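The lines below spell out each chain.
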Amino acid sequence: MPRPASSAVDKALDLIETVVRADHPLRLSELANEAGMHRATAYRILLELVRRGWIMRSEDRYLPGPVVLQFSQAAAANSLVVLSRPVLQALSDRTAMMVNLQVLEPDGGRVIDVVRPPRLAMITDLLGELLPIHKFAGPLALVSALDEAARIPYLRAAEGQGHPAAARADLLKEIDRTRRTGFALERGRNEEVIASVSRAVLAGGGRPICAVTIVGLDSEFDDATLEKLQDDLTSATAELEGALSGTGDGAGDD
């Protein structure tokens, strides 16, 4: 039996679809107007949608939530940047290093946000760039979280990007080491004086959602510093995993 157009389910879906289709985060009044419902009704439904993780609130605006991130890569880029930026900024402040956020694409990891301290202005931030797994820590961390079958296209892509087929065994060892330790470490493979360490942020089922990477000068990555960076990175990724678990601050008001 078809439900009436005014059902609570219809209204909730209308709000979710409006948020996902918007080209910018919407305020409550804009969202209610776009969805064609009273502001008080939209507010009441948003409370539940935020609680369940379908929509997230950033200040007074609404974006696709962590549940939607499981389904939409396009939504992920927008929402992950908003959700992750405070974590990236805090990590950069704490370490005095550049920090970036990457998501997995078919040929590697795409950098979707960067926090770079002034002292490291000489290091290219690579924002928007697609990075191959054999040269960069971020995509290596992401691919290492996949199962063996899912890694194969990335190994082939690396060969197409200049990584010798004869060196695949070494790359597989690096992937296995990263999976075992939880950290991908890169020193000098792309730029001789640059080092980076990365850790994947995982969904409940172990699927990689994104990777957080700390980047700095190789000369500063001594053993003691690297151990501290890994501790800070573990805390930051745990914070993001918690945020992506679906908990929210409430739907809020204009």
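Residues numbered from 1 in each chain as written. Predicted model: local features only at pLDDT ≥ 70, side-chain atom pairs only at ≥ 80, totals over all residues. Heavy atoms only, no water.

## Here's the deal with the pairing of strand 8 (residues 194–202)
Item 1. A large share of strand 8 lies buried, amounting to seven of its nine residues.
Item 2. What sits between strand 7 (residues 184–187) and strand 8 in their antiparallel hairpin is a turn of six residues, with Gly188 showing a positive phi close to 80°.
Item 3. Judged from the nine bridges that link them, strand 8 and strand 9 (residues 208–217) form a sheet pairing that is antiparallel. Paired with Arg199 across the two strands is Val212, which belongs to strand 9. (Buried < 20%, exposed > 50% of the residue type's maximum accessible area, 1.4 Å probe, protein only. Helix = DSSP H or I, 4+ residues; strand = E, 2+ residues; numbered from the N terminus. Pairing = 2+ DSSP bridges.)

## With respect to a negative patch on the surface
Item 1. A cluster of acidic side chains, namely Asp222, Asp223, Glu227 and Asp231, defines a negative patch on the protein surface.
Item 2. Along the chain, Asp231 falls in helix 9 (residues 223–243).
Item 3. Relative accessible area serves as the criterion here: at 45%, Asp231 is assigned to the partly exposed category. (Patch = residues over 30% accessible without salt bridge, like charges linked within 9 Å, V, L, I, M, F, W, Y side chains within 5 Å. Areas by Shrake-Rupley, 256 points an atom, 1.4 Å probe, with all protein chains shown as cover. Salt bridge = Lys/Arg side-chain N within 4 Å of Asp/Glu carboxyl O. Lys, Arg positive; Asp, Glu negative; His and termini not counted. Charge placed at Lys NZ, Arg CZ, Asp CG, Glu CD.)

## Digging into the sheet that holds strand 2 (residues 55–58)
Item 1. Within the open sheet, the three strands sit side by side as 1-3-2. Their pairing is antiparallel. This sheet does not close on itself; its edge strands, each paired only once, are strand 1 (26–27) and strand 2.
Item 2. Two elements, strand 2 and strand 3 (residues 61–64), share four bridges in a ladder whose sense is antiparallel. Residue pairing for strand 3: Met56 is matched across the bridge by Leu63.

## Let's talk about the nonpolar core
Item 1. Membership of the largest hydrophobic core comes to 26 residues, with the highest contact counts inside it found for Leu80, Val197, Val212 and Ile214.
Item 2. Counting only elements with at least two residues in this core, the list comes to helix 5 (73–95), strand 4 (98–105), strand 5 (108–115), strand 8, strand 9 and helix 9.
Item 3. Aside from chain neighbours lying at most four places away, what touches Ile214 is Leu91, Thr95, Met97, Met98, Val99, Ala195, Ser196, Val197, Phe221, Leu229 and Leu233.
Item 4. Ranked by size, the runner-up nonpolar core spans 17 residues in total, among them Leu28, Leu31, Ala42 and Leu49. (Core = buried A, V, L, I, M, F, W, Y, C linked by side-chain atoms within 4.5 Å. Contact = heavy atoms within 4.5 Å.)

## Some points on unusual backbone geometry
Item 1. Even without being a glycine, Ala96 presents a positive backbone phi close to 60°.
Item 2. The backbone phi angle of Leu126 is positive, close to 60°, even though this residue is not glycine.
Item 3. Among the structural elements, Leu126 can be located in the loop between strand 5 and strand 6 (130–131).
Item 4. According to the relative accessible area criterion, Leu126 is partly exposed, its value standing at 25%.

## As for the sheet that holds strand 7
Item 1. Pairing is antiparallel in the open sheet, where six strands are placed in the order 6-5-4-9-8-7. Every interior strand has two partners, whereas the edge strands, strand 6 and strand 7, have only one.
Item 2. Note: strand 4 against strand 5, seven bridges, orientation antiparallel. Paired with Leu104 across the strands is Gly109, a residue of strand 5.
Item 3. Contacts from helix 9 reach strand 7, strand 8 and strand 9, with the element oriented near 30° to strand 8. (Axes fitted to C-alpha atoms, helices over the stretch in contact; angles between N-to-C directions.)

## Let's talk about helix 2 (residues 28–35)
Item 1. Considered for burial, the residues of helix 2 that qualify are Leu28, Leu31, Ala32 and Ala35. Looking down the long axis of helix 2, one finds its buried residues gathered within 95° of arc, a one-sided arrangement. Exposed residues pointing more than 90 degrees away from the buried face of helix 2 are listed as Asn33 and Glu34.
Item 2. Contacts made by the buried residues of helix 2 are with helix 1 (8–21), strand 1, helix 3 (39–52) and strand 3.
Item 3. Backbone geometry just downstream of helix 2 places Gly36 in the positive-phi region, at approximately 70°. (Arc of directions from axis to C-beta.)

## Details of the pattern of salt bridges
Item 1. On inspection of all chains with the given rule, the structure shows 13 salt bridges.
Item 2. Arg94 is paired through a salt bridge with Asp232; the nearest N and O atoms lie 3.5 Å apart. Here the residue Arg94 occupies a position in helix 5, and Asp232 occupies one in helix 9, the gap between them amounting to 138 residues.
Item 3. Judged by relative accessible area, Asp232 falls into the buried class, the value being 8%.
Item 4. A salt bridge links Arg151 to Asp176, with the shortest nitrogen-to-oxygen separation between them at 3.5 Å.

Note that every value here comes from positions in space, so none of it alone points to a role or purpose.
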